[in-house]
Amino acid sequence: MDKNELYNTLIERYFKAQLAIIAAYLREDAYDTLQQTDHMAQRLFEEGLSHVLIA
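Read on for a plain summary of the structure. On a predicted model such as this, the values are computed, not experimentally measured, just so you know. (Residues numbered from 1 in each chain as written. Predicted model: local features only at pLDDT ≥ 70, side-chain atom pairs only at ≥ 80, totals over all residues. Heavy atoms only, no water.)

1. Quick notes on the overall build of the protein chain
The following threshold applies: Helix numbers and strand numbers start at the N terminus; a helix is a DSSP run of H or I with at least 4 residues, a strand a run of E with at least 2. A simple rule labels every residue: compare its accessible area, found with a 1.4 Å probe on the protein chains alone, to the largest value its type can have, and call it buried under 20%, exposed over 50%, or partly exposed in between. Computed by Shrake-Rupley with a 1.4 Å probe, the accessible areas treat only the displayed protein chains as cover when residues are assessed.
Scanning the protein chain from terminus to terminus reveals one helix and zero strands. Within the protein chain, buried positions represent 0% of all 55 residues. For the protein chain, the exposed area adds up to about 5,500 Å²; of that, 63% sits on carbon and sulfur atoms.

As structure tokens, then:
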């Protein structure tokens with residue numbers, strides 16, 4: 001492997017690692033958002049049912 005191929009391999013691996021880090025962050029953020037949305041939906045559902053049961 002010559003010097004240019006080594007540099008290309010290094011650069012390619014670096015950017016793949018960076019993309020993997022970003023993808024992991026985005027997956028974690030999406031998971032947190034889904035948990036919050038689910039929690040809010042559950043609360044709204046329970047509040048809606050309590051208003052129906054009271055009336």
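On we go from here.
2. Thoughts on a nonpolar patch on the surface
Selection criterion: Every patch collects residues that have over 30% relative accessible area and no salt bridge, joining them within 9 Å if they carry like charges and within 5 Å if they are nonpolar side chains (Val, Leu, Ile, Met, Phe, Trp, Tyr). Salt bridges, as used here, are contacts in which a Lys or Arg side-chain nitrogen is within 4 Å of a carboxyl oxygen on Asp or Glu.
Judged by side-chain polarity, Tyr7, Leu10, Ile11, Tyr14 and Phe15 come together as a nonpolar surface patch covering roughly 560 Å² of accessible area. Structurally, Tyr14 can be placed in helix α1 (residues 3-54).

3. Quick look at the packing of aromatic side chains
Going by this rule: Working definition: a ring pair exists when centres of Phe, Tyr or Trp rings (six-membered ring for Trp) sit within 6.5 Å. Plane angles under 30 degrees give stacked, over 60 give edge-to-face, the rest tilted.
Counting across every chain of the model gives one aromatic pair. Between the aromatic rings of Tyr14 and Phe15, the centroid separation amounts to 5.1 Å while the plane-to-plane angle is 80 degrees, which identifies the pairing as edge-to-face.

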